[in-house]
Every structure is written in C-alpha cells, then in structure tokens.
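# Coordinate analysis (summary)
Below, each chain spelled out in residue letters.
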Amino acid sequence: MTDVTNISPRDKAEILAQALPYIRKFHGKTMVIKYGGNAMTDPALQADFAEDVVLLKLVGINPVVVHGGGPQIETALKRLGKKGEFIQGMRVTDAETMEVVEWVLAGEVQQDIVGLLNQAGGKAVGLTGRDGGMIRAQKLQMVDSSDPAKVHDMGQVGDIVSIDPSVVKALQDDAFIPVISPIGFGENNESYNINADVVAAKLATVLQAEKLMMLTNISGVLDKAGNLLTDLSARQIDELFLDGTISGGMLPKISGALDAAKSGVNAVHIIDGRVPHVLLLEILTDQAFGTMIRSH
Ligand code: ADP
Ligand code: MG
C-alpha cells in the first residue's frame, strides 16, 4: 500500500476537497454494490471496503450491498465431502447444497459483513430475499449455450420472478445499510440459490440506482489476449459471448450488468476488488478501475 503518512495536511485537504463535486452529484442517490472476490476474503481489503461503504453513507449516498460467497460455500461443501459443480457459471444446487448455501451465506458471510460495517461506524442490517418478501423466484431453466434444445437441471438455482424493494427503501430512509444474501423464495416457500450478480443487477434496476458496481477478483473484463477492456458496448458483449472469451462466473456478471445498463441504471462497472479503497476511487474521483458496461 502507498504510504500516506507523509502527505502534508494542505495536500490532504486539497484531496478531500476534490471529492466535493462527486458528493454533491451523488447525494441522495442509490448505489448497488456487489461484494465478492478477493475484497471479501482479504482482511485488509475487507476493512477498506467497510470504511468506503460507511463513508459513502455518511456523506448522504445510499449504498446497498449484495454479497456472494463462492469460496466460503466451496470450503463448507468440501468439509462435507461434496464437490461443487458449475454449468455456465452457475452452481448446481441439490437439496443438501442448498442447505449449505443458506447457512453459509445468510448465517456466516452476511453476518461477517454486517459486523465489519458496524465496526467501521455504520448501521448495517442483514437480509435475505425472504425478508420483507423481497425476492420471489422460480426454478431456473438453464438453456445450453450451444444447443438451445437442451435444458440443464440446476436443482434449486433460482430465476428471479420479481423483486419488491420496499424493505430496502425503508432501511435506507432510516440510515441503515442493507446487506443482502442472494436467496429467494418460491411459490411453495421453497428456497432458491440465486447468483449474486444477477440479484445485484436486478435490484439496481428495481431501485433505479445511479450506479451498479460489481467488485470482482480480476482487473475487469479481459479480451482473448488478456488485456483489460475498459469499455464494452452491447454489440461487443455479444461478440465476446459468441467467441467464448467470456466464461464461468463472468457470464452471469456481464449478462446482469448489461440488463441493468439497458434498464436505466446510469453507470454499470465491473471493478477490481483487489485495489484498496476501489469504491471511493471509483465514486469520488475521476479514476476508473475495470470495465464500464454501456447500454448500447
Ligand atoms: P465473483 O463473482 O466473486 O466476482 P467469479 O469467479 O464468479 O467471481 O467471476 C470472475 C471470474 O470470471 C474471473 O476470476 C475469471 O476467472 C472468469 N472469467 C471468465 N471470462 C473472463 C473474461 N473474459 N474476463 C475476465 N474474467 C473472466
Ligand atoms: Mg460469481
């Protein structure tokens, strides 16, 4: 990390003052943050993330956190002697895996994040999609990407039917920071495991968020040669899907990001969660980290 102890007080003041136009612009606006990747497992990055989210809240911006938990679920499954299986970037979820997903996400990961934010001076509240009847879901019909006639059985992987954001809005109005686990409920009260990127994207749309920021474990979307693509249009995304440049967890991330951009979320970014304080840099400076997704 850069040593900031030698910056003069005057320069510090100058740096702080440069955030003013951004604070003014975004005051009262909602920002949906997908928290995942390294930023979620490295203690120093966790602390930076918590400080950034709390600072945003205190300057009048409304952060909403949606978290993933792939590595933590993987560890818990391994302990039970189970191995995770993925199809087109989504975790196949049998009944036993669903139980693990629920207790790891809603029990462990969500509460860790709530604790972290509270420790940084915020008032965070953990929710799953069941709370306030927020996320209605149904079984996902996963069509094979190369054979449209083939549908994969993903078990209890959910497809979002609707999101009722009223509980999130009520919390925001009261100075709380919502922290949401990506679990939905079905018609018969059954649980669904939903990819966190998909939840973050849909929630950003329903809330008409100013920004959707997806923190990940890589510098952004990379091209075939491994170079960072700083900017992506819908047409370019189609090409990257077709030629196989995008795979695994990047598939639901980009589809969600593009849907949000097309549905009125002003700025959609996939950003490098390994950069300390990447959220503050992205929101309160003119620096950009990662890939911006355009609506057309
Ligand atoms: P998270 O959801 O926590 O951000 P994922 O593992 O689900 O992490 O998704 C990010 C991963 O997607 C990257 O680490 C990388 O392995 C994979 N990926 C696949 N295609 C690309 C691509 N074109 N550019 C960048 N990452 C990609
Ligand atoms: Mg993922």
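Shown above is the structure to which this text applies.
Here goes a summary of the coordinates provided. Think of each chain on its own: its residues are numbered from 1, step by step along the sequence as written. By the order in which they are written, chains take letters starting at A while ligands take numbers starting at 1. A pLDDT threshold of at least 70 governs which residues receive local features in this predicted model, and a stricter bar of 80 or more applies before side-chain atom pairs are shown or counted, although totals over entire chains, interfaces and linings include all residues. Excluding hydrogens and water, the side-chain figures rest on all heavy atoms present in the structure.

## Focus on the overall build of the protein
Keep this limit in mind: Under the DSSP-based scheme used, a helix requires at least four consecutive residues in state H or I and a strand at least two consecutive residues in state E, with every element numbered from the N terminus. Per-residue accessibility, obtained with a 1.4 Å probe over protein chains only, is compared with the maximum for each type, and a residue is labelled buried under 20%, exposed over 50%, and partly exposed between these values. When checking whether two residues touch, look at their non-hydrogen atoms; a contact exists if any pair is within 4.5 Å.
Scanning the protein for helices and strands turns up 10 helices and 16 strands. Seen through its principal axes, the protein has C-alpha atoms that stretch 65 × 40 × 35 Å. Counting all 296 residues of the protein, 49% fall into the buried class. Within the protein, contacts between residues separated by at least 24 positions form 73% of all contacts whose residues are at least 6 apart in sequence.

## Things to note about the packing of helix 4 (residues 70-79) against helix 5 (residues 95-119)
Test applied: Fitted lines through C-alpha atoms give the axes, limited to the stretch in contact for helices. The angle between two N-to-C directions lies from 0 to 180 degrees. When an angle is under 35 degrees it counts as roughly parallel; over 145 it counts as roughly antiparallel; between 65 and 115 it counts as roughly perpendicular; any other value is oblique. Left-handed describes a crossing whose near helix is turned anticlockwise from the far helix through less than a right angle; right-handed describes the clockwise counterpart. Here the nonpolar group is Ala, Val, Leu, Ile, Met, Phe, Trp, Tyr, Cys and Pro; Asp, Glu, Lys and Arg are the charged ones; every other residue, Gly included, is treated as polar.
Where helix 4 contacts helix 5, the two axes come as close as 10 Å, and the packing angle between them is 130 degrees. Judged on the interaxial angle alone, helix 5 and helix 4 are oblique. The chirality of how helix 4 crosses helix 5 is right-handed. Of the residues in helix 5, those touching helix 4 at Gln72, Ile73, Ala76 and Leu77 are Thr97, Val100, Val101, Trp103, Val104, Leu105, Glu108 and Val109. For the contact of helix 4 with helix 5, the per-class residue count stands at nine nonpolar, two polar and one charged.

## A short note on the sheet that holds strand 2 (residues 62-67)
Quick reminder of the rule: Any two strands with at least two DSSP bridges between them are considered paired.
Within the open sheet, the eight strands sit side by side as 5-10-2-1-13-15-16-14. Their pairing is mixed. A single partner strand is all that each edge strand has here, and the edge strands are strand 5 (124-128) and strand 14 (231-232). Judged from the four bridges that link them, strand 1 (residues 30-35) and strand 13 (residues 211-216) form a sheet pairing that is parallel. Each bridged residue has a counterpart across the sheet, and for Met31 the counterpart in strand 13 is Lys211. Of the strands in this sheet, strand 1, strand 2, strand 5 and strand 10 (177-181) touch helix 6 (residues 166-173), which is tilted by about 150 degrees from strand 10. Across the sheet, helix 9 (residues 250-262) lies against strand 1, strand 13, strand 14, strand 15 (267-272) and strand 16 (291-293), angled at about 155 degrees from strand 15, the strand it touches most.

## A few points about the site of ligand 1
We apply this condition: Here a residue is considered near a molecule or strand provided that any single heavy atom belonging to it is located within 4 Å of it. Pairing of N or O atoms within 3.5 Å defines a polar contact, subject to two protein rules: one partner must be a possible hydrogen donor and the other a possible acceptor, and residues neighboring in sequence count only if both atoms are side-chain atoms. Per-residue and other accessible areas were derived by the Shrake-Rupley procedure at a 1.4 Å probe size, with only the shown protein chains allowed to occlude residues.
Around ligand 1, a shell composed of 17 residues is seen, among which Thr216, Asn217, Leu222, Thr245 and Lys253 lie nearest. Interatomic distance of 3.2 Å between a side-chain N/O atom of Lys34 and an oxygen atom of ligand 1. Here a nitrogen atom of ligand 1 and a backbone polar atom of Thr245 are 2.9 Å apart. Contact with the protein chains removes 73% of the 570 Å² of surface that ligand 1 exposes when unbound. When residues of the shell around ligand 1 are traced back to their parent elements, those giving at least two are strand 13 and helix 9. Among the residues forming the shell around ligand 1, the class breakdown is six nonpolar, eight polar and three charged.

## Focus on the side chain of His269
You can see His269 is positioned in strand 15. Among the residues examined, His269 registers a relative accessible area of 7% and is labelled buried. In this structure, His269 is in contact with Lys211, Leu212, Met213, Met214, Glu282, Thr291 and Met292, ignoring residues within four places of it in sequence.

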